[in-house]
Amino acid sequence: MDIIETIRIRKSVRNYTGLPLTAPQQLALEHSIVTATNPFGGNASVRLRKFDLNGPFKPSTYGTVRNATHYLLLSAGDNAADAISAGFVMEQTILAATALGLGTCWIAATFKGTDFYKGEQWPEGQTLKAVSPVGKAAEKETLRGKLTKLIAGSAKRKPFESLFFLENASTPLRMDNRYAEALEMMRLAPSSVNSQPWRAIVTGDTVHFYSVSSKYLSMIDCGIGLCHFFLSENESGQAGGFCNDTSHPAADGLEYIISWKPQP
């Protein structure tokens, strides 16, 4: 399964079979964690942890998730680079899980005092920022899960032309643009309450990325979207890299994040 297909089939899963991950599945996810790329240099870590569903573990406010034995735990520092890195590195393992036929679901909130937080020693300067169940999806989704998905608007996406632009922040980008496929994969990325805070302006052979919000969760979301773009570009065989481009177009109401330039 290539990354384009993986991104297209990924969806948030809240109801699981209760079966633990197999040893090969755990090894594959651990491999993804330790080999994840982090081009932004932020302070972020991902761990895979098993919980005993017959023990005292209760997902508390995460009760819309049922019967998941394993969770990915994401910790990070508190600045914007940390948040972008957090989304970027975690989404690589989320997509690795999807390619293995496993379900996942991003959950971000306050974790202090919860079972997710207990028993973990995080690297200095990091705290738990998000979790995701990971496991075999149950055949039927619960009513509560359906309502959660409806409230989150996770089945909806903003149209391509409202997110990506050519030369300025008002001219919609055409789908025949060189970067259209990778940006479409960015459009399909998950985000908090499906906010899709990322924006992009293409000038020549360069893509400039922005966010509509500087809030921490929005920066995590942008990291997730950038991960989709990055992996899609790599899949296409087009060499390129992220850089800080001081000549990026000005865009009212948008906060510049990073640019992508092709490499010879």
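Predicted model, so just to flag it, every value in this text is computed and none were measured.

Caption draft 1: Up close: the side chain of K129. Along the chain, the position of K129 falls in strand β5 (residues 127-135). Within the structure, the side chain of K129 is placed 2.6 Å from the side chain of D78, a separation counted as a polar contact. Residue contacts for K129: discarding those within four places in its chain leaves L74, S75, A76, G77, D78, A108, A109, F111, Y216 and I220.

Caption draft 2: How the structure looks around the packing of helix α3 (residues 80-99) against helix α6 (residues 216-236). Remark: α3 packs on α6, axes separated minimally by 7 Å, with the N-to-C direction vectors making an angle of 50°. Our classification of the angle between α3 and α6 gives oblique. Regarding α3 and α6, the two cross each other, and that crossing is right-handed. Of the residues in α6, those in contact with A80, D82, A83, I84, G87, F88, E91, Q92 and L95 of α3 are Y216, M219, I220, G223, I224, L226, C227, H228, F230 and L231. Its residues assigned to classes, the contact of α3 with α6 comprises 13 nonpolar, four polar and two charged.

Caption draft 3: Examining the packing of aromatic side chains more closely. Per the counting criterion, the structure on display carries 16 aromatic pairs. A ring pair is formed by F242 and W260, whose centres lie 4.9 Å apart and whose planes are at 75°; its orientation type is edge-to-face. Here F242, found in strand β9 (residues 240-243), pairs with W260, found in strand β10 (residues 255-262); they are 18 residues apart in sequence, far enough to count as distant. W260 carries the same exposure label as F242, and that label is buried. A connected cluster of aromatic rings, assembled from ring pairs, spans F40, F88, Y179, F209, F229, F230, F242 and W260. Directly above the aromatic system of Y216 lies the positively charged group of K129, at a separation of 4.9 Å from the ring centroid. Of note, R178 hangs over the ring of Y179, and the distance from its end group to the ring centre comes to 4.2 Å.

Caption draft 4: Broad picture of unusual backbone geometry. Unusually for a residue other than glycine, E167 sits at a positive phi of about 75°. You can see E167 is positioned in the loop between β6 (164-166) and α5 (180-187). Note on E167: relative accessible area 45%, which makes it partly exposed. Not every positive phi belongs to a glycine, and V193 is a case in point at roughly 45°. Position of V193 relative to the elements: it lies in the loop between α5 and β7 (198-203). According to the relative accessible area criterion, V193 is exposed, its value standing at 62%.

Caption draft 5: View of the sheet that holds β6. Taken together, the five strands give an open sheet; going across it, the order is β6-β7-β8-β10-β9, and neighbouring strands pair in mixed fashion. The sheet terminates laterally at β6 and β9, the two strands that pair on one side only. Averaged over neighbouring strand pairs, the angle between their axes works out to 25° when direction is ignored. Sheet topology note: the β9/β10 ladder contains four bridges and is antiparallel. Looking at the pairing, G241 lines up with K261 of β10. Across the sheet, α6 touches β7, β8 (206-211), β9 and β10, and the angle it forms with β8 is around 160°.

Caption draft 6: Structural context of the pattern of salt bridges. Taken as a whole, this structure holds seven salt bridges when the rule is applied. Between D245 and K261 there is a salt bridge, with its nearest N and O atoms 3.1 Å apart. Linking D245 in the loop between β9 and β10 with K261 in strand β10, this pair joins segments that are 16 residues apart in sequence. A relative accessible area of 9% means that D245 is categorised as buried.

Criteria and thresholds
Residues numbered from 1 in each chain as written. Predicted model: local features only at pLDDT ≥ 70, side-chain atom pairs only at ≥ 80, totals over all residues. Heavy atoms only, no water. Helix = DSSP H or I, 4+ residues; strand = E, 2+ residues; numbered from the N terminus. Polar contact = N/O pair within 3.5 Å; in protein donor to acceptor, adjacent residues only side chain to side chain. Contact = heavy atoms within 4.5 Å. Axes fitted to C-alpha atoms, helices over the stretch in contact; angles between N-to-C directions. Parallel < 35°, antiparallel > 145°, perpendicular 65-115°, else oblique. Left-handed = near helix turned anticlockwise from the far one by under 90°. Nonpolar A, V, L, I, M, F, W, Y, C, P; charged D, E, K, R; others polar. Phe/Tyr/Trp six-rings, centres within 6.5 Å; stacked < 30°, edge-to-face > 60°. Buried < 20%, exposed > 50% of the residue type's maximum accessible area, 1.4 Å probe, protein only. Lys NZ or Arg CZ within 6 Å of the ring centre and 35° of its normal. Pairing = 2+ DSSP bridges. Salt bridge = Lys/Arg side-chain N within 4 Å of Asp/Glu carboxyl O.

None of the figures reported here should be taken as evidence of function without further support.
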